[in-house]
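Examining the three-dimensional arrangement
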Amino acid sequence: MEEKIETIGVVGAGTMGSGIAQVAARAGYRVRLRDVKEEHLERGLAAIEQNLQRDVDKGRLSVDEKRAIIGRIERAIEWSAFAEADFVIEAVSEDAEVKAEVFRTLDQVVRPEAILASNTSSIPITKLGAATRRSDRVVGMHFMNPVPVMKLVEIVRGLATSDETVERTRLLAERLGKTPLECRDSPGFVSNRVLMPMINEAIFALQEGVATREAIDGIMKLGMNHPMGPLALADLIGLDVCLAILNVLYEEFGDPKYRPCPLLKRYVDAGWLGRKTGRGFYEY
């Protein structure tokens, strides 16, 4: 018999974590949102409040509904907040060792029957599962940015992930109002295996002076019917995240076609990470 999911834990109150917490609370779940610092939690909750207020202003949500959604989110610094969680979603920085350490810790504090999911963009789920004693209950649940708007959840099956875990994750994604699509564990999964080489190639074209940033983005928008050009999209994702994903693809496949463009590395070194820092390929 399917175990009912009532409480969802979210690790990390950044852009993705706060977005996941928002959609989960809006779907009626109790949410425990954890981060290492109180200021990160405050920033994450402020973003949720702002997003929901936008819906109130547009008449898509009442003031009482907004208050109830925020009331379902409990913030925490301690890992023990996840002791009673039925399902935990990790959304920390795209670093394999940082994520593995999170999974080792979760495995100790979260009850054995609970599912542990990762919002990773590219890191193998099999590796994260191996950091636990419940690899059959570890799954990839890759949300797209911005989480409250984007419909896709890429569900990634690790080598040991059970059919039951995949099915329960699929049902949860649907209850969150998302469209789940499944893929096997492979570096970058489908989304970033296809997307990142395109972004990287656009950066090479910019570096080589083939066209201006506006022309590169305009050609892809008008010619390929993309809603956003690859350079503007890289700025939205975060250039540090793009670089981290390309490094995973390059290391895991050992194929030079995934080699990150030197210009991308230079921008990350300069701290020009895109929208979140006010400057990337464009100024914000």
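Residues numbered from 1 in each chain as written. Predicted model: local features only at pLDDT ≥ 70, side-chain atom pairs only at ≥ 80, totals over all residues. Heavy atoms only, no water.

1. Some words on the packing of helix H1 (residues 15-26) against helix H2 (residues 38-57)
The condition that has to hold: Orientation is described by axes fitted as lines to C-alpha atoms, over the contacting stretch for helices, and by angles from 0 to 180 degrees between their N-to-C directions. The numbering of helices and of strands both runs from the N terminus, where a helix is a DSSP run of H or I of at least 4 residues and a strand a run of E of at least 2. Angle categories are assigned with fixed cut-offs, so that under 35 degrees is roughly parallel, over 145 is roughly antiparallel, 65 to 115 is roughly perpendicular, and the rest are oblique. In this scheme the crossing of two helices becomes right-handed for a clockwise turn of the near helix relative to the far one and left-handed for an anticlockwise turn of less than a right angle. Between two residues, a contact is recorded if the distance between any of their heavy atoms is within 4.5 Å. Under the scheme applied, nonpolar residues are Ala, Val, Leu, Ile, Met, Phe, Trp, Tyr, Cys and Pro; charged residues are Asp, Glu, Lys and Arg; polar residues are all the others, including Gly.
As a packed pair, H1 and H2 sit with axes 9 Å apart at the nearest point and diverge in direction by 50°. The pairing of H1 with H2 is recorded here as oblique in orientation. For the element pair H1 and H2, the recorded crossing hand is right-handed. Between H1, through Ser18, Ala21, Gln22 and Arg26, and H2, the contact on the second element is made entirely by Gly44, Ala47, Ile48, Asn51, Leu52 and Asp55. When its residues are assigned to classes, the contact of H1 with H2 shows 4 nonpolar, 4 polar and 2 charged.

2. Re the UniProt feature "domain: 3-hydroxyacyl-CoA dehydrogenase C-terminal" (unreviewed entry) in the protein
To keep it simple, the criterion reads: UniProt positions are given in the numbering used here, feature names are shortened, and annotations may be inferred rather than shown by experiment.
In the numbering used here, UniProt assigns the feature "domain: 3-hydroxyacyl-CoA dehydrogenase C-terminal" (unreviewed entry) to residues 188-284. This span, residues 188-284, is 62% helix and 0% strand, and a straight line between its end C-alpha atoms measures 28 Å.

3. A look at the pattern of salt bridges
As a reminder of what qualifies: By definition, a salt bridge exists where a carboxyl oxygen of Asp or Glu is found within 4 Å of a side-chain nitrogen of Lys or Arg. Exposure classes here rest on a 1.4 Å probe applied to the protein chains alone. A residue is buried below 20% of its type maximum, exposed above 50%, and partly exposed in between.
In this structure the tally under the stated criterion is 25 salt bridges. Here Asp55 and Arg26 are joined by a salt bridge, their closest N and O atoms 2.5 Å apart. Within this pair, whereas Asp55 is found in helix H2, its partner Arg26 is found in helix H1, the two being separated by 29 residues in sequence. A residue is classified by how much of its surface remains accessible, and Arg26, at 34% relative accessible area, is partly exposed. The residue Asp163 makes a salt bridge to Arg157 at a minimum N-O spacing of 2.7 Å. Of the residues examined, Asp163 reaches a relative accessible area of 57% and is grouped as exposed. If you follow the salt bridges from partner to partner, you end up with Lys4, Glu6 and Arg30 in one network.

4. Describing the UniProt feature "binding site: NAD(+)" (unreviewed entry) in the protein
What UniProt calls "binding site: NAD(+)" (unreviewed entry) maps, in this numbering, to Gly12, Ala13, Gly14, Thr15, Met16, Gly17, Asp35, Glu94, Lys99, Ser121, Asn145 and Lys276. Here Gly17 is to be found in helix H1. Dropping the residues within four chain positions of it, Gly17 is found in contact with Val10, Gly12, Leu33 and Ala91. Along the chain, Ser121 turns up in the loop between strand E5 (115-118) and helix H5 (125-130). For Ser121, the residues in contact, after removing those within four places along its chain, are Glu94, His142, Gly188, Phe189, Asn192, Val241 and Ile245.

5. A look at the domain arrangement of the protein
For clarity, the threshold we go by: Each domain span listed reflects an automatic or database assignment of domains. Accessible area that two parts lose when put together, with a 1.4 Å probe and added across both, is what the buried area reports. Polar contacts here mean pairs of N or O atoms no more than 3.5 Å apart (in protein, one a potential hydrogen donor and the other a potential acceptor; neighbouring residues in sequence count only if both atoms are side-chain atoms).
Its domain assignment divides the protein into domain 1 (7-184) and domain 2 (192-275). Each of domain 1 and domain 2 has a C-alpha centre, and the two are 27 Å apart. Contacts between the two partners involve 8 residues from domain 1, matched on the other side by 7 residues from domain 2. Around 590 Å² of area is buried between domain 1 and domain 2 when both sides are counted, 58% of it from carbon and sulfur atoms. Taken together, the connections running from domain 1 to domain 2 amount to 1 salt bridge. Glu252 is the salt-bridge partner of Lys127, the closest N and O atoms lying 2.9 Å from each other. Our count for the contact surface shared by domain 1 and domain 2 stands at 2 residue pairs in polar contact (both at pLDDT 80 or more). Its residues assigned to classes, the side of domain 1 that touches domain 2 comprises 2 nonpolar, 4 polar and 2 charged.

6. Comments concerning the packing of aromatic side chains
We apply this condition: Any two rings among Phe, Tyr and Trp, with Trp reduced to its six-membered ring, count as a pair given centres within 6.5 Å; such a pair is stacked if its planes are under 30 degrees apart, edge-to-face if over 60, and tilted if neither. Placement of a charge over a ring requires the Lys NZ or Arg CZ to be within 6 Å of the ring centre, with the centre-to-atom vector within 35 degrees of the ring normal.
Across all of its chains, the model carries 4 aromatic pairs by this definition. With 5.3 Å between their ring centres and 25° between their planes, Phe253 and Tyr258 make a pair best called stacked. Taking the relative accessible area as the measure of exposure, Phe253 reaches 31% and is therefore partly exposed. The interplanar angle of 85° and the centroid separation of 5.2 Å between the aromatic rings of Tyr267 and Trp272 together place this pair among those described as edge-to-face. For Tyr267, a relative accessible area of 17% puts it in the buried group. An aromatic cluster is present here, built from Tyr267, Trp272 and Phe281 joined pairwise through their rings. The positively charged end of Arg34 is found above the aromatic ring belonging to Trp79, 3.8 Å away from the centroid. Over the face of the ring belonging to Trp272 we find Arg279, whose NZ or CZ atom lies 3.6 Å from the ring centre.

7. Notes on the nonpolar core
Our working rule: Residues grouped as a nonpolar core are buried Ala, Val, Leu, Ile, Met, Phe, Trp, Tyr and Cys residues, joined through side-chain atoms within 4.5 Å.
Membership of the largest hydrophobic core comes to 36 residues, with the highest contact counts inside it found for Ile8, Phe87, Ile89, Met141, Phe143, Leu172 and Leu176. Among residues more than four places away in sequence, those in contact with Phe87 are Ile5, Thr7, Ile8, Gly9, Ala114, Ile115, Ala117, Met141, Thr169 and Leu172. Formed by 25 residues, the second largest nonpolar core is a distinct cluster that contains Ala234, Leu246, Leu249 and Tyr258.

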